[in-house]
Amino acid sequence: MDPSLNTWDFSSPLISLWINRFYIYLGFAFGFSLWICFQIVIRKQDKKSQEKTVPKASQDLMTTNCLSPPKKEIIVSGVKIFYGSQTGTAKKFATILAEAVTSLELPVAITDLKEYDPDDHLVEEVTSKNVCAFLVATYTDGRPTESAEWFCRWLEEASSDFRFGKTYLKGMKYAVFGLGNSAYVSHFNKVGKNVDKWLWMLGAHRVMTRGEGDCDVVKSKHGSIEADFRAWKAKFISRLQALRKGEKKSCGGNCKKGKCESNQRGSEGTEPGPHPPDRVHQRDAEEEEPVGSTSEEESGSEDHQSLNSVIDVEDLGKIMDHVKKEKREKEQQEGETSAFRSTAKSEASERRAMISPALREALTKQGYQLIGSHSGVKLCRWTKSMLRGRGGCYKHTFYGIESHRCMETTPSLACANKCVFCWRHHTNPVGTEWRWKMDQPEMILKEAIENHQNMIKQFKGVPGVKEERFEEGMTVKHCALSLVGEPIMYPEINRFLKLLHECKISSFLVTNAQFPVEIRNLKPVTQLYVSVDASTKESLKKIDRPLFKDFWQRFLDSLKALAAKQQRTVYRLTLVKAWNVDELQAYAELVSLGSPDFIEVKGVTYCGESSASSLTMANVPWHEEVVRFVCELVELIPDYEIACEHEHSNCLLIAHKKFKIGREWWTWIDYNRFQELIQEYEDSGGSKTFSAKDYMARTPHWALFGANERGFDPKDTRYQRKNKSKDVSGC
């Protein structure tokens, strides 16, 4: 066989492949192309199936390269409500919130911060899957309430202690609602802000923006602190429902320098605050904190976060145009909203009433007959007593007032102080200026007299009520403007006083010595009182808890303004044992500053347990102690002597010696003569003035200090039953 033939036969397939190599390459290319097409189809199908599972809002965000990877569903196992309360409002709100949470079929627990040890239990909330709601009130000088004091101190120390670190409470979910009064500008809701900040600094997860309740009905966003809480509660419940469903909105894109840090810390990355989302909040220079103040539930519908996906270059132009357009629309909308809110708030402030519905309900329960939007009248217990012939109040003993003909009222329920011994338990509003809707004085006086007469009518036929005194009681002769609040705040107080005098009603006006200008501008009254509750700046701040920052200067200026008055003036001292009874020399200096005609010294009246005050019966001085204080004070003020005493009211009267003619005291008032003098003053246009001695009357013997009657009118049945064997009078 030919060798060359065998070689050819062996290599012929290879030669064939070589000759047809182009067809082979074409087949491979065709197959590879089919494989690529197949992969593209599969990927498109996968993408479509993914898009079906992503919410529409997330698809929109995906086009802007700002959607974060899907997060795990947030499960809420329950709610824990913590409260720190002084007057009981936060406790009441905690109960209301618990009822709302229970309606969601979630377990709920209410805890008083006074009984809670954060050192042992707070860290447990990191893994508990509970949402912790903190309802905390701000007390005097921006301090926490007594019940929340330890919790706040621990939280503050922990937030700045490196041993705890910024992740100590990471995983804990919380929300804060603060209770305060914007009248205290520098301390408004300070405790709520601090609790929010400290929890955030420890790494806790804030589920919604802090709520702020405002007792000031004028500045309150919703008209009252109760309405503020209801609005916050509705958002809280809505947020709970969203969390249970696993919904979690993202950052509003307002982090520092536009850099969203929500991937690092979620909502913890936004500093706590009640501010609107567009407001940039100053951060602490020591900490790298994002300054955006938005919370999760307040983010816009098209929020922005980072996304690890790739954006086609062709789409960048469209995306930037879309973002710019959104930004312009957002700025325009926010500008319009801001202007609208500002206008609406201004209009609301002008027409808003001082008495909110909740306050009206509380005062009505206490027996007030409310008049219009800021006034009230109430029947004094001494009015009831004198109708029965059982004796009058200390004003009857000191000045000859007929208690059954005295109307206790006020044209302003608001006050500039929150005194610890307030016998109204701080149910009245507070403020430093008049910002409420104002009623006319004619309407106030008319309705005050009508309401007073209606209350007197209820005693007709009551056993023990004397018929002649009942008939006399239907005609008001005296008006004590000391019911509650600060009557001198009422802008039309002078017109109101003029109307009283035209009706032949005497006027006894009490002020808390915080409005010196108003005192100087005040027209003549029958008797003008100034409450002197302490003699030093420190003790006055502690007892009166004034709203004004310059309260001490206002106090001193008020006393100076009192000294310029020509009518009868009175210092009213309320002695609180262990608070203000050891400042005799300072009291004497204040007497020389204001030169009052009279000084009433009265032991504080205990009005029962109140969460608004820490006073107890131990702070009420005995009558012997009040007498001892008065005797020691008189030794330091040589122009004054003790004139009268009313033992039942635990009260004594120190009078200037000019009211002692011969050996007789003339502390009583000739009311008919006063009406003649005030009429002459009005007829002369204010040019014809008169002095306190022009309408004085002789004081009866039974009203004098040291008399056996000790201030009780011998004609009254109470005196006839009184045991007179005990003698405490005399220094």
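Residues numbered from 1 in each chain as written. Predicted model: local features only at pLDDT ≥ 70, side-chain atom pairs only at ≥ 80, totals over all residues. Heavy atoms only, no water.

Draft legend 1. Here's a closer look at the packing of helix H14 (residues 441-457) against helix H16 (residues 493-502). Two elements in contact, H14 and H16, have axes whose closest approach is 9 Å; the angle formed by their N-to-C orientations is 45°. By the criterion of interaxial angle, the relationship of H14 to H16 is oblique. Here H14 and H16 pass one another in a crossing that is right-handed. Where H14 approaches H16, its residues Pro 441, Glu 442, Ile 444 and Leu 445 are matched on the opposing element by Arg 495, Phe 496, Leu 499 and Leu 500. Its residues assigned to classes, the contact of H14 with H16 comprises 6 nonpolar, no polar and 2 charged. (Axes fitted to C-alpha atoms, helices over the stretch in contact; angles between N-to-C directions. Helix = DSSP H or I, 4+ residues; strand = E, 2+ residues; numbered from the N terminus. Parallel < 35°, antiparallel > 145°, perpendicular 65-115°, else oblique. Left-handed = near helix turned anticlockwise from the far one by under 90°. Contact = heavy atoms within 4.5 Å. Nonpolar A, V, L, I, M, F, W, Y, C, P; charged D, E, K, R; others polar.)

Draft legend 2. Representation of helix H18 (residues 537-544) within the structure. Of all the positions in H18, only Ser 539, Leu 540, Ile 543 and Asp 544 are classed as buried. Along the axis of H18, the buried residues cluster in a sector spanning 105°; they form a single face. Those residues of H18 that are exposed and aimed more than 90 degrees away from the buried face are Glu 538 and Lys 542. Once H18 ends, the next one or two residues include Arg 545, with phi positive near 45°. (Buried < 20%, exposed > 50% of the residue type's maximum accessible area, 1.4 Å probe, protein only. Arc of directions from axis to C-beta.)

Draft legend 3. Just helix H7 (residues 190-201), in detail. In this model, H7 (12 residues) spans 16 Å end to end at C-alpha, consistent with the 16 Å of a helix rising 1.5 Å per residue. With 9 of 12 residues buried, H7 lies mostly within the body of the structure. When H7 is considered as a whole, its buried residues turn out to be Val 191, Gly 192, Asn 194, Val 195, Asp 196, Trp 198, Leu 199, Trp 200 and Met 201. One or two steps after H7, the chain reaches Gly 203, where phi turns positive at roughly 95°. (Expected span 1.5 Å × (residues − 1).)

Draft legend 4. Layout of the UniProt feature "transmembrane region" (unreviewed entry) in the chain. When the UniProt feature table is mapped onto this chain numbering, "transmembrane region" (unreviewed entry) sits at residues 22-42. The straight-line gap between the two end C-alpha atoms of residues 22-42 is 31 Å; of that span, 100% is helix and 0% is strand. (UniProt positions renumbered as here; feature names shortened; annotations may be inferred.)

Draft legend 5. Expanded view of the pattern of salt bridges. One pass over the full model with this rule turns up 17 salt bridges. The salt bridge partner of Arg 405 is Glu 402, with a shortest N-O separation of 3.6 Å. Ionic pairing is found between Arg 673 and Glu 676, a salt bridge with its closest N-O pair at 3.0 Å. Residue Arg 673 and its partner Glu 676 are both found in helix H22 (residues 671-683); the two are separated by 3 residues, about one turn of the helix. Because the salt bridges share partners, they merge into one network encompassing Asp 196, Arg 210 and Glu 212. (Salt bridge = Lys/Arg side-chain N within 4 Å of Asp/Glu carboxyl O.)

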